[in-house]
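Chain residues, written in single-letter form:
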Amino acid sequence: MKKYLFLVLFICTSVFAQKDIDINNLNWLPNSHSFWVNEGNNVVVYDVDKLDKQSTILTAAQLKASGFAGEIENLVWNETKTKILVYTNSKKVWRDNTKGDYWFFDLATGKGKQLGKNLDASSLMFAKFSSDNENVAYVSNHNIYVENLNSGKITPLTTDGTDKIINGTFDWVYEEELAARDGFRWSPDGKSIAYWRVDATSTKFHFMINNTDSLYPVVVPVEYPKAGERPSSVKIGVIDVASLQTKWLNIPGEPDNNYLVRMKWLSNESVMVIQLNRNQNQVTMYNCNPKTGDAKVIYKEESTSWIDVFDISAGEYDTFPCQFVDNGKAFLWSSDADGWMHIYKIGLDGKSKELVTTSKFDAYYKAYNEKTKTIYFEASPTDATQRYLYETNLSSKKTKRVTPDVFDGTNKYTFSTDAAYAQHTNSNINRDYNMRLIALSGHQKIYPKEADVFAAPKRDYSLEKFKVKTVDGIEIDGIMAKPLDFDPSKKYPVFFYVYGEPMASVANDTPYFYPLIAKLVPKGYIAIAMDNRGTPVMKGTAWRKSIYKNIGIINTHDQAMAAKEVLKWNFIDTDRVAIHGWSGGGAVTLNLMFQYPDIYKTGIAIAAVTDQHFYDNIYTERYMGLPSENEATYIKASPVTHAKNLKGNLLYIHGTGDDNVHYKNAEVLINELIKYDKMFDLMIYPNRSHSIYEGEGTRKHLLDIFTRYIEKNSPPGAK
């Protein structure tokens, strides 16, 4: 419900000549600062130190000669960078295209072949080399296979995989809420594989109905544990590739009442596993023996709210949250237990814990340069709408800002795997996206050679930042879009865009406003986005976690109180106040329309959770606790509870094929509105998913109905 915000990602554009390097689409190689780009199905590798001496390591002609007929979608490298796997013909699993075909190529000869040829087409997932380069392992149809690259023999390592028994990957909720997709890891010696096994036998199906693609309706089941339901049973096994025998790790706790969030081989004799309890307020790290299964506690942390094992708003999957340092004797771990997100160094023996970042502001870990012992982290001490890169050092403990002052605004860094270089993107509300390659030492620009050009954004409205202080003394950051012919002596309709939950922020110092609403601004609207308490901005633990067990209450209140301050501005027409949100923002939109009907006159809610009980257990219980522990708040927080208060104009939109926020939410809300004789408008998109994009004409239709509804009920133009 949280990550689909319908935010169009504006592609970062740097203008280069025809022969210039496409750094927009670079992919860093492992254990280096080289990167590869796909140039017309030719794989070209660049070393940042020698950009004028690129190497084409695999050509389109070599691909064709092997029988390869697809497009290069991704590459998997072996450790010595002499062999690659080419990923192609991908298909969507849940949120992304994580299954497809893999082709193996020996870069010394340029010859290749398809892997898994006797398995279903486009069914292979997460293929990777063994350390000796003799084998490749992958998942197909919920089983793990090993294929010998010399003989071509394919050996199933698991054979019990079904839609309910999932080996080497995860069910819907682990991917959605724990950012876990790739469910197996080779041992360092290439003789064993550690893997997750998910038993979803007891997890109930949520049934979706496809009414349009055949004569009779087709039932589409999705295993989906809702709030209050026990999780799927999950365990980790280590399988010996030669004997096909599995040893299960003896990690304490009920396998269907805890979460095994991450796992990593430390050596051939050691596997580190990170476990969260059901309430996600206790994390335990174990050092496990893969031969005996014994699990020893390394470190444990508890919280009065919830624990973020990783930066859940970063959108990264399968990343291990601990960076090993001191020759593997310690690791870096992020925690906001002291009031700020800080980086700690913890001994692998569990006997030492040292605070590394000591400043009184949030520090979000990003990368570590082992050679220089430099830790890079993201921070914004003075303006939570912005992002800057900082560094500290394990030896000196000195902290300083890396991003130069000229790059005011929001800065994103994609690090080389040795953390010596980075792709750097800068923007702010008055500066379009600008990208460069830099050496992190001194923030030295490597490419392009031309001077930076800070171009104005290509838009037909203006943007500015503002702050308001609510009646509760809460200072709220906001972004405001205005028409270019704005006249402060006149009154304009205001259109609020809202999200308001712990997965994303909307008041960011970036050059473009939310696109659905941005299209309306030139017609004569003021558009506003604000971040309430509970959103993942860099304002400390108290800000982010004040929403604990109060989603739907504190965030709704903050938005309404901030809106009251906005409505005091002389150029705002208080009779033309509209609001829109999608997913979690859709739920906030409904709550604002129902709980504060005298403020908001028109609302468009899309794919909203209308009752907290209906969403998945991992997300909902993380922030709301279990329903059995917090039932009264679950009820109070749910829009259905307040639907009887609707006064204004409401358009509700949902797709029947939404496997994230189910269409059930729409029908329960509709029933409640009917019960109280509340008039509303409704648009249902058959078989569309949470982002409502599938099918010819869908996006245009959505935009048209959105625009017409607002223009009818909250007419544009200054008065």
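Being a predicted model, the structure only gives us computed values, none of them experimental. Residue positions are given per chain, counted from 1 along the sequence in the order it is written. Local features in this predicted model are restricted to residues whose pLDDT is 70 or higher, and side-chain atom pairs enter the listing and the counts only when it is 80 or higher, whereas totals over whole chains, interfaces and linings include all residues. Neither water nor hydrogens contribute to the side-chain values; these are computed over all heavy atoms in the structure.

Caption draft 1: Structural detail: the overall build of the protein chain. For the purposes of this entry, the term helix denotes a DSSP run of H or I that reaches at least four residues, the term strand denotes a run of E that reaches at least two, and both are numbered from the N terminus. When helices and strands are counted, the protein chain shows eleven helices and 43 strands. When we talk radius of gyration, it's over C-alpha atoms, and the globule rule is simply 2.2 Å times the number of residues to the 0.38. For 719 residues, the compact-globule estimate of 2.2 N^0.38 gives 27 Å, and the C-alpha radius of gyration of the protein chain, at 26 Å, lies within 12% of that figure. A principal-axis box enclosing the C-alpha atoms of the protein chain has dimensions of 75 × 60 × 55 Å. For every residue, the accessible area obtained with a 1.4 Å probe (protein chains only) is divided by the maximum for its type, and the residue is called buried under 20%, exposed over 50%, and partly exposed between those limits. The 719 residues of the protein chain split such that 60% are buried. Sequence separation of 24 or more characterises 59% of the internal contacts of the protein chain that already satisfy a separation of 6 or more. Approximately 29000 Å² of the protein chain is accessible, and the part contributed by carbon and sulfur atoms is 49%. Charged residues are defined here as Lys and Arg on the positive side and Asp and Glu on the negative side; His and the ends of the chain fall outside this count. All charge positions are set by atom: Lys at NZ, Arg at CZ, Asp at CG, Glu at CD. On the protein chain, the mean spot of the 83 positive side-chain charges and the mean spot of the 85 negative ones are 2 Å from each other. Any two residues having at least one pair of non-hydrogen atoms within 4.5 Å are treated as being in contact. Areas reported here follow the Shrake-Rupley algorithm with a probe of radius 1.4 Å; residue values treat only the protein chains shown as occluding.

Caption draft 2: Local environment of the sheet that holds strand E3 (residues 43-47). Two strands are counted as paired when DSSP detects at least two bridges linking them. Strands sit in the order E1-E2-E3-E4 across an open sheet of four strands; the sheet is antiparallel. Each having just a single partner strand, strand E1 (27-28) and strand E4 (50-58) make up the two edges of the open sheet. With two bridges joining them, E1 and strand E2 (residues 34-38) adopt antiparallel strand pairing. Of the residues in E2, the one forming a bridge with Asn27 is Trp36.

Caption draft 3: Spatial organisation of the environment of Ala527. Along the chain, Ala527 falls in strand E39 (residues 526-531). Other than its neighbours up to four places away in sequence, Ala527 contacts Ile479, Met480, Ala481, Phe495, Phe513, Ile517 and Val521.

Caption draft 4: Highlighting the sheet that holds strand E41 (residues 602-606). Strand order in the open sheet formed by eight strands is E36-E37-E39-E38-E40-E41-E42-E43, with mixed pairing between adjacent strands. Across the chains shown, the open sheet's two edge strands, defined by having one partner strand only, are strand E36 (461-469) and strand E43 (681-685). Each neighbouring strand pair of the sheet contributes to a mean axis angle of 20 degrees, computed without reference to strand direction. Where strand E37 (residues 475-483) lies against E39, five bridges are found, and the strand directions are antiparallel. Within the sheet, the bridge partner assigned to Met480 lies in E39 and is Ile528. Lines fitted to C-alpha atoms define the axes here, with helix axes fitted over just the stretch in contact, and angles between the N-to-C directions of these axes take values from 0 to 180 degrees. Set on the sheet, helix H6 (residues 584-595) makes contact with strand E40 (572-582), E41 and strand E42 (649-655); between it and E40 the angle comes to about 145 degrees.

Caption draft 5: Summary view of the nonpolar core. Core analysis: the largest hydrophobic core is formed by 96 residues, its most contacted members being Tyr174, Val273, Met285, Phe331, Trp333, Phe513 and Ile653. Contacts of Met285, omitting those with residues within four sequence positions, involve Met272, Val273, Ile274, Lys296, Val297, Ile298, Tyr299, Cys322, Phe331 and Trp333. Buried residues of nine kinds, namely Ala, Val, Leu, Ile, Met, Phe, Trp, Tyr and Cys, make up a nonpolar core once their side-chain atoms join them within 4.5 Å. Core analysis: the next-biggest nonpolar cluster, separate from the first, contains 44 residues, Phe466, Val577, Leu592 and Tyr663 among them.

Caption draft 6: Helix H10 (residues 664-675), seen in detail. What a helix is expected to span follows from its residue count: subtract one and scale by 1.5 Å. Taking 1.5 Å per residue as the helical rise, H10 with its twelve residues ought to reach 16 Å, and the 17 Å between its terminal C-alpha atoms agrees with that figure. All of the buried residues in H10 are Asn665, Ala666, Leu669, Ile670, Glu672 and Leu673. End-on, the buried residues of H10 take up no more than an arc of 165 degrees, which puts them together on one face. Set apart from the buried face of H10 by more than 90 degrees, the exposed residues are Asn671, Ile674 and Lys675. Buried positions along H10 lie against H6, helix H9 (639-642), E42 and E43. Immediately beyond the C-terminal end of H10, within one or two residues, lies Asp677, with a positive phi of roughly 55 degrees. Here the arc refers to the directions that run from the helix axis out to each C-beta atom.

Caption draft 7: Main features of the packing of helix H7 (residues 617-624) against helix H8 (residues 627-637). Where H7 contacts H8, the two axes come as close as 10 Å, and the packing angle between them is 90 degrees. By the angle between their directions, the pair H7 and H8 is classed as roughly perpendicular. Across the interface between the two elements, Thr620, Glu621 and Met624 of H7 pack against Pro627, Asn630, Thr633, Tyr634 and Ala637 of H8. Basically, the charged four are Asp, Glu, Lys and Arg, the nonpolar ten are Ala, Val, Leu, Ile, Met, Phe, Trp, Tyr, Cys and Pro, and anything else, Gly included, counts as polar. The class makeup of the residues in the contact of H7 with H8 is four nonpolar, three polar and one charged. Throughout, the term roughly parallel applies to angles under 35 degrees, roughly antiparallel to angles over 145, roughly perpendicular to angles from 65 to 115, and oblique to all others.

Caption draft 8: Here's a closer look at the pattern of salt bridges. Should a side-chain nitrogen of Lys or Arg be within 4 Å of a carboxyl oxygen of Asp or Glu, the pair is scored as a salt bridge. Enumeration over the complete set of coordinates arrives at 35 salt bridges. For Glu354, the salt bridge goes to Lys345, with nearest N and O atoms at 3.8 Å. Of the residues examined, Glu354 reaches a relative accessible area of 29% and is grouped as partly exposed. The exposure class assigned to Lys345 is buried, which follows from its relative accessible area of 17%. Note that Asp558 and Arg533 form a salt bridge whose closest N and O atoms lie 2.8 Å from each other. Here Arg533 lies in the loop between E39 and helix H4 (541-545) and Asp558 lies in helix H5 (residues 554-566), a separation of 25 residues in the sequence. Residues Asp558 and Arg533 agree in their burial class; the two are buried. Bridged by salt links that share partners, the residues Asp326, Lys345, Glu354 and Lys397 form one connected network.

Caption draft 9: The pairing of strand E28 (residues 364-369), seen in detail. Bridging between E28 and strand E29 (residues 374-379) involves five bridges; their strand directions are antiparallel. Paired with Tyr365 across the two strands is Phe377, which belongs to E29. Between E28 and E29, which pair antiparallel and follow one another directly, the connecting turn spans four residues, one of which, Lys373, has a positive phi of 60 degrees.

Caption draft 10: Expanded view of the side chain of Ser32. The residue Ser32 is located in the loop between E1 and E2 in this model. Its relative accessible area of 12% is what places Ser32 among the buried residues. Here a polar contact is taken to be a pair of N or O atoms separated by no more than 3.5 Å, where protein atoms must pair a possible hydrogen donor with a possible acceptor and residues adjacent in sequence count only if both atoms sit in side chains. In terms of polar contacts, Ser32 uses its side chain to reach the backbone amide nitrogen of Ser34, at 3.2 Å. The residues contacting Ser32, other than those within four sequence positions of it, are Lys81, Ser416, Thr417 and Asp418.

Caption draft 11: Inspection of a nonpolar patch on the surface at higher detail. Each patch is built from salt-bridge-free residues with over 30% relative accessible area, joining like charges within 9 Å and nonpolar side chains (Val, Leu, Ile, Met, Phe, Trp, Tyr) within 5 Å. Taken together, the side chains of Phe205, Phe207, Ile209 and Val219 define a hydrophobic patch exposed on the protein surface, amounting to about 350 Å² of accessible area. Counting residues per element, the nonpolar patch draws most heavily on strand E16 (residues 205-210), at three residues. For Val219, the location among the structural elements is in strand E17 (residues 218-223). With relative accessibility at 48%, the residue Val219 sits in the partly exposed group.

Caption draft 12: Region of the structure containing the packing of aromatic side chains. Whether two aromatic rings pair depends on their centres lying within 6.5 Å, for rings of Phe, Tyr and Trp, where Trp uses its six-membered ring; planes under 30 degrees apart make the pair stacked, over 60 edge-to-face, and the rest tilted. For the structure shown, the criterion picks out 32 aromatic pairs. With a centroid separation of 6.0 Å and 75 degrees between ring planes, the pair formed by Phe496 and Tyr600 is classed as edge-to-face. Within this pair, whereas Phe496 is found in strand E38 (residues 492-497), its partner Tyr600 is found in the loop between H6 and E41, the two being separated by 104 residues in sequence. Assessed through its relative accessible area of 1%, Tyr600 is described here as buried. Taking the centre distance of 5.7 Å and the plane angle of 35 degrees together, the rings of Trp569 and Phe571 count as tilted. Judged by relative accessible area, Phe571 falls into the buried class, the value being 13%. Directly above the ring of Phe205 sits Lys164, whose terminal nitrogen or CZ lies 3.9 Å from the centroid. Note on criteria: charge over ring means Lys NZ or Arg CZ within 6 Å of the ring centre, with the direction from the centre no more than 35 degrees off the ring normal.

Caption draft 13: Main features of the UniProt feature "domain: Dipeptidylpeptidase IV N-terminal" (unreviewed entry) in the protein chain. UniProt positions are given in the numbering used here, feature names are shortened, and annotations may be inferred rather than shown by experiment. Within the UniProt annotation, "domain: Dipeptidylpeptidase IV N-terminal" (unreviewed entry) is assigned to residues 80-429. For the annotated span residues 80-429, helix accounts for 2% and strand for 47% of the residues, and the straight-line distance between the end C-alpha atoms is 43 Å.

Caption draft 14: Main features of the environment of Phe614. Here Phe614 shows up in the loop between E41 and H7. For Phe614, a relative accessible area of 13% puts it in the buried group. Sequence separation of Phe614 and Tyr663 is 49 residues, and the distance between their C-alpha atoms is 10 Å. When residues no more than four places from it in sequence are discounted, the contact partners of Phe614 are Tyr224, Lys226, Lys664, Asn665 and Val668.

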